[in-house]
Amino acid sequence: MSGQETVSCRTTWDSRKISHTTLLTVGLVVFYYCFSIGITFYNKWLLKGFHFPLFMTMVHLLMIFVLSAISREIVKCYSGRTRVTLSWTNYLKKVAPTAVATALDIGLSNWSFLYITVSLYTMTKSSAVLFILFFSLVFKLEEPTAGLILVVLLISGGLFMFTFKSTQFNSEGFILVLAASCLGGVRWTLTQILMQKAELGLANPIDTMYHLQPLMFLSLFPLFLGIEGLHVSTSDQLFRYHDIHALLLLLSALCAGGLLAFGLGYSEFLLVSKTSSLTLSIAGIFKELCILLLATHLLGDEMSLLNWLGFAVCISGIALHVALKTIHGKGADTHKWHRTELSADMELLLMGREDEEDEDS
């Protein structure tokens, strides 16, 4: 074979490989969007007629735990490796703070849907980046720089412009989702610390979700009892139902939400493990734009020119944060470690035994 033919074959092979990688990335992003956008509109839809967001969240937590346990058993059967199980000491000392913050973040986020629109929720929830940066500085995961200060100013300024003179602004819902964003900053900072502790063995999010859900359920239970307990126990939709078909439809809807919640966590990790955290960040920015456009067209959410300008300023701040992370190479070693250690487990869940041969080789 001549040199030109060899170069041509390599070029063809490289182009096919790039095409395959592009299609895989697009497929994983669409997979992530289905769950992320789906659960946002699902929560808003269900809570229009079912005013028990904390009960809904607890059902979802229970389903995530069950599905995580089943996933762990599937991986164990196919790989032959025993899954990690923490001791009570490590469980209560190191997992409990993350579980409490995560439970309150999700609970308050779902609660806010009773009061605010999807567009206001999406925009306010974007402020979670601010709190993640703040707590990253507190826990010394990030170094304070001029770029980070500019990111904070852009996101906070954009949030102010978005909520200023908003025709559909609700202070109670705004405070709830802002508190959820703050807790989200604590949650993801503690989650990063938790998953990077090699001695705990919780690098795989399936194992992390499995260990988090029980404590999350227990953390949310007292809040549920105090706010919704009596109303749920006397509700005609649940325990004092009159129509069995309406009850079964409601339970089916709650279970569907649990599947969406589990799929969201799974799709996020799958996207990161097969591509990069940068891809997830960029996809998240475009996802928020998709949610706002859908909310204005499908749900009739009203947004002024100033609101859209505020959204653009906020997104530019998030995009700058992504760019800074890329330039400085933060998290590159962590991503490499995730891919080498964890991709086999997730592929086993998707494709069965085929990848065992690759792993052994």
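Parameters at a glance
- Residues numbered from 1 in each chain as written.
- Predicted model: local features only at pLDDT ≥ 70, side-chain atom pairs only at ≥ 80, totals over all residues.
- Heavy atoms only, no water.
- Salt bridge = Lys/Arg side-chain N within 4 Å of Asp/Glu carboxyl O.
- Helix = DSSP H or I, 4+ residues; strand = E, 2+ residues; numbered from the N terminus.
- Buried < 20%, exposed > 50% of the residue type's maximum accessible area, 1.4 Å probe, protein only.
- Contact = heavy atoms within 4.5 Å.
- Phe/Tyr/Trp six-rings, centres within 6.5 Å; stacked < 30°, edge-to-face > 60°.
- Lys NZ or Arg CZ within 6 Å of the ring centre and 35° of its normal.
- Expected span 1.5 Å × (residues − 1).
- Bend = angle between axes of the 7 residues up to and from the residue.
- Axes fitted to C-alpha atoms, helices over the stretch in contact; angles between N-to-C directions.
- Parallel < 35°, antiparallel > 145°, perpendicular 65-115°, else oblique.
- Left-handed = near helix turned anticlockwise from the far one by under 90°.
- Nonpolar A, V, L, I, M, F, W, Y, C, P; charged D, E, K, R; others polar.

Trainee: Sorry if this is basic, but what is going on with the pattern of salt bridges here?
Mentor: Once the charged atoms of two side chains with opposite charge are near each other, the side chains can pair. Applying the stated criterion to the full structure yields two salt bridges. Between Asp-207 and Arg-72 there is a salt bridge; the shortest N-O distance is 2.6 Å. With a gap of 135 residues between them, Asp-207 in helix α8 (residues 205-233) and Arg-72 in helix α2 (residues 53-79) connect regions that are remote in the sequence. The same class applies to Asp-207 as to Arg-72, namely buried. Through salt bridges with shared partners, one network takes in Arg-72, Arg-83 and Asp-207.

Trainee: Quick question: what am I supposed to make of the side chain of His-60 here?
Mentor: The residue His-60 is located in helix α2 in this model. You can call His-60 buried: its relative accessible area is 5%. Residues contacting His-60, with those up to four places away along its chain left out, are Tyr-42, Asn-43, Leu-254, Gly-257, Gly-258 and Ala-261.

Trainee: What should I look at first to understand the packing of aromatic side chains in this one?
Mentor: Working definition: an aromatic ring pair is given by the centre-to-centre distance plus the angle between the planes. Scanning the entire structure with this criterion turns up 11 aromatic pairs. For the pair Phe-217 and Phe-221, a centre-to-centre distance of 6.2 Å together with 15° between the ring planes defines the contact as stacked. Separated by four residues within a single helix, Phe-217 and Phe-221 lie in helix α8, roughly one turn from each other. Seen from the ring of Tyr-210, Arg-72 lies directly overhead, with NZ or CZ sitting 4.0 Å from the centre.

Trainee: In this structure, what is going on with α8? I would like to understand it.
Mentor: Residues three or four positions apart in an α-helix share a direction because the helix packs 3.6 residues into each turn. For α8, which comprises 29 residues, the first-to-last C-alpha distance of 34 Å sits more than 12% below the rise-based estimate of 42 Å (1.5 Å per residue). Where α8 bends most, at Leu-225, the angle is about 60°.

Trainee: What's the story with α2 in this structure? I'm lost.
Mentor: With 27 residues, α2 should reach 39 Å at 1.5 Å per residue; the first-to-last C-alpha distance of 38 Å fits that figure. Looking one or two residues past α2, Gly-80 carries a phi angle of roughly 75°, positive in sign.

Trainee: Quick question: what am I supposed to make of the packing of α2 against α8 here?
Mentor: Each pair of packed helices gets described by two things: the angle between the helix axes and the distance between those axes. Contact geometry of α2 with α8 gives a least axis separation of 8 Å together with a crossing angle of 160°. For the element pair α2 / α8, the angle class is roughly antiparallel. Crossing hand, α2 versus α8: left-handed. Here the contact of α2 with α8 is built from residues that sort into 20 nonpolar, five polar and three charged.

Everything listed here is a matter of geometry and, on its own, says nothing about what the molecule does.
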